[in-house]
Amino acid sequence: MDRGLVQRNRMTFIIMAVLLVLFAAVVYVGAYQLYKAEVDRGYKKATYELASSQKIIELAFHTLKSDLFFLYNAPDVRRYVNSDFNSVQDEKEVEQYFYHFARSRKQYYQLCILDAKGDERIRVNNAVQVKIAAARELQNQQDRYYFKDAMKMDEGQFYISPIDLNIEHGKVAMPYEPVVRFAMPLYDTRHVKKGILIINARVVEILKLLPRDIVLQTEEKNLISLLPNGVIGFQKSDYQFKSDGTALREEKVISLYMLARLLNQHKVALIVRHDINALKILKYNFGIVFILLFLMFLFLMFLMGYLNYKDVKHIVRSKKALIFGLAQLAEKRDLETGQHLARVGEYVVTLANELRKNRAYRRIITRQFLDDLYDAAPLHDIGKTAVPDALLQKEAHLTPSEFEEMKKHVAVGADMLQALINGFDLKDTFLVTARNICRYHHEKYDGTGYLLGLSQREIPLAVRIFTLCDVYDALRSKRYYKEPWSHDDAVKEIQKEYGKYFDPAVVDAFMRCEKLFKEISERDLKM
């Protein structure tokens, strides 16, 4: 959805890089007095980065604490604790609750509940993908320092571990995964301590929020950084930071640091290294040339800032509009519907990628087309917010009048999105795609669909792709009025509608990738 913005920014930065090379070459003959000014500017910039990073990391830890208390007070968790961890039904509900919580927050590496003996009762892993640990995978953690420390906490207190590397089955996990553990003792309604709740948070997700050159040093003298290739750097340090912040000057580098206090339990040093060696080259430059080029640089920065401001403002308005629309669906969506939306999103990208192999569609199905299709697919039934529950959940077939009422949802959804586009003056192509899918996803290739009776290429390509995916998932899913079909039966039904309900080219592409559809469908059915 932001691909155009990224491309424009990339070109802007390339131009900036070229100009900076010219700048460096010309100001090589500049004046000595600019050296000190540049050093001071770099120092202020580094100081600003440290101050903002301090706020970011402290806010991140407050967020982690809030999530810990949120999980602790969840009704499912409270019931499970009060059952003394014996209720199988409550255990399954907590597992599902943790599962969906982890899916929405990639910063969490693990969510665990341990009993008072240190045995894991529930663990949800969030490594490559979110997964509920099987009983055979659960471990005993009674000898881990964080379990012992957390069990010493009184009711309502919480514990934060030092930042260290994740350990699985007694060994440091590879590649390195620095984590910080937030834990609370679990008490039942009789105020008896039953165990602890632990969330393991990825430090790398916090590092991604900070400027790229920021390095963390823990109280244990571990240096943690995010390398340019995305790998975590983890090594020991010789520095011992005693004050809240200062500068360590070396011949070519100024290292500045600032301490961040992590909810009054730990401290971490934020370090930034400012290279001043290159600035010494500028001390003999001619002042007038430097000033002219510097003004040009400032103008370019202003131009880039202005362009970015317009793009960011537009993106924010788009996101607000989308959130506004989705908020109206929140209370209407149950678990099965949420799974349906996720599956259809995967289906449409899978099918579009396969169709793109057809030369006739190669220029149409671009990366932007795929992004728009994926983002727009979940909004296809947004118009059902206007359909009464009695119709949506009716187990019997709809009467003719009820069906006419149900058909209105396509127009309601499309009109809602069009109103957002007009009202917020939006230019996002994904919203146009979403509007088209809303309005036309019940049209049929042979013109027998509703509401407008469009046929063949009158129906947008994104809609033709989506319609097949939506029908496939509907056939494979259990509904109030039917049992789920097998994959083979669903494939036969789609083949039967070749050139009738569905675009022949789309069906041909589907037949080439139907096994991938089966994998996606059966993966969700097993959850």
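From a predicted model like this one, the values you see are computed outputs, not experimental measurements.

### Focus: the overall build of the protein
The number of helices and strands found in the protein is 16 helices and 15 strands. Per-residue burial over the protein gives 47% buried out of 527 residues. At a minimum sequence separation of 6, the contacts of the protein that also span at least 24 residues come to 62%. Entry remark: accessible area of the protein is about 28000 Å², with carbon and sulfur atoms responsible for 57%.

### A closer look at the pattern of salt bridges
Under the definition given, this model contains 25 salt bridges. The shortest N-O distance in the salt bridge between lysine 357 and glutamate 354 comes to 3.2 Å. For the salt bridge of aspartate 371 with arginine 367, the shortest nitrogen-to-oxygen distance reads 3.3 Å. Separated by four residues within a single helix, aspartate 371 and arginine 367 lie in helix H10 (residues 367-376), roughly one turn from each other. The exposure class of aspartate 371 is buried, given its relative accessible area of 15%. A relative accessible area of 43% places arginine 367 in the partly exposed class. What you see here is one network of salt bridges that share partners, running through Asp76, Arg79, Asp90 and Glu93.

### Topic: a nonpolar patch on the surface
A grouping of Ile291, Leu292, Leu295 and Leu298 is seen on the molecular surface, where their side chains present a nonpolar patch of about 380 Å² in accessible area. One can find leucine 298 in helix H8 (residues 287-327). Overall, leucine 298 belongs to the partly exposed group, its relative accessible area being 41%.

### As for the confidence of the model for the protein
The share of residues in the protein with pLDDT of 70 or more is 79%, and the mean pLDDT across the chain is 82. Looking at the elements of the protein, mean pLDDT is at its lowest for strand E13 (residues 245-249), recorded as 52, and at its highest for helix H15 (residues 487-496), recorded as 97.

### A few points about the packing of aromatic side chains
On inspection of all chains with the given rule, the structure shows 14 aromatic pairs. Aromatic pair tyrosine 145 and tyrosine 146: ring centres 5.4 Å apart, planes at 80°, arrangement edge-to-face. A cation over an aromatic ring shows up here: lysine 407 above the ring of tyrosine 450, its NZ or CZ 5.2 Å from the ring centre.

### Description of the side chain of glutamate 402
Considering the arrangement of structural elements, one finds glutamate 402 in helix H12 (residues 400-423). Looking at glutamate 402, its side chain comes within polar contact range of the main-chain nitrogen of threonine 399, at 2.9 Å.

### Comments concerning unusual backbone geometry
Across the junction of tyrosine 450 and leucine 451, the peptide omega takes the value 10°, indicating a cis bond. Relative to the helices and strands, leucine 451 resides in the loop between helix H13 (429-440) and helix H14 (461-476).

### A short note on the pairing of strand E11 (residues 222-226)
By the criterion of burial, E11 is predominantly enclosed, with five of the five residues buried. Of the two faces of E11, the one lined by Asn222, Ile224 and Leu226 and the one lined by Leu223 and Ser225 are each fully buried. For strand E10 (residues 214-217) and E11, the ladder comprises two bridges, and the chain directions are antiparallel. Counterpart to leucine 216 in the pairing with E11 is isoleucine 224. Taking the residues between adjacent antiparallel strands as the criterion, E10 and E11 are bridged by four residues, where lysine 221 takes a positive phi near 65°. Pairing geometry for E11 and strand E12 (residues 232-236), over five bridges, is antiparallel. In the strand pairing of E12, leucine 223 is matched with glutamine 235. What sits between the antiparallel neighbours E11 and E12 is a turn of five residues, in which glycine 230 has the positive phi angle 90°.

Cut-offs and rules
Residues numbered from 1 in each chain as written. Predicted model: local features only at pLDDT ≥ 70, side-chain atom pairs only at ≥ 80, totals over all residues. Heavy atoms only, no water. Helix = DSSP H or I, 4+ residues; strand = E, 2+ residues; numbered from the N terminus. Buried < 20%, exposed > 50% of the residue type's maximum accessible area, 1.4 Å probe, protein only. Contact = heavy atoms within 4.5 Å. Areas by Shrake-Rupley, 256 points an atom, 1.4 Å probe, with all protein chains shown as cover. Salt bridge = Lys/Arg side-chain N within 4 Å of Asp/Glu carboxyl O. Patch = residues over 30% accessible without salt bridge, like charges linked within 9 Å, V, L, I, M, F, W, Y side chains within 5 Å. pLDDT = per-residue confidence, 0-100. Phe/Tyr/Trp six-rings, centres within 6.5 Å; stacked < 30°, edge-to-face > 60°. Lys NZ or Arg CZ within 6 Å of the ring centre and 35° of its normal. Polar contact = N/O pair within 3.5 Å; in protein donor to acceptor, adjacent residues only side chain to side chain. Pairing = 2+ DSSP bridges.

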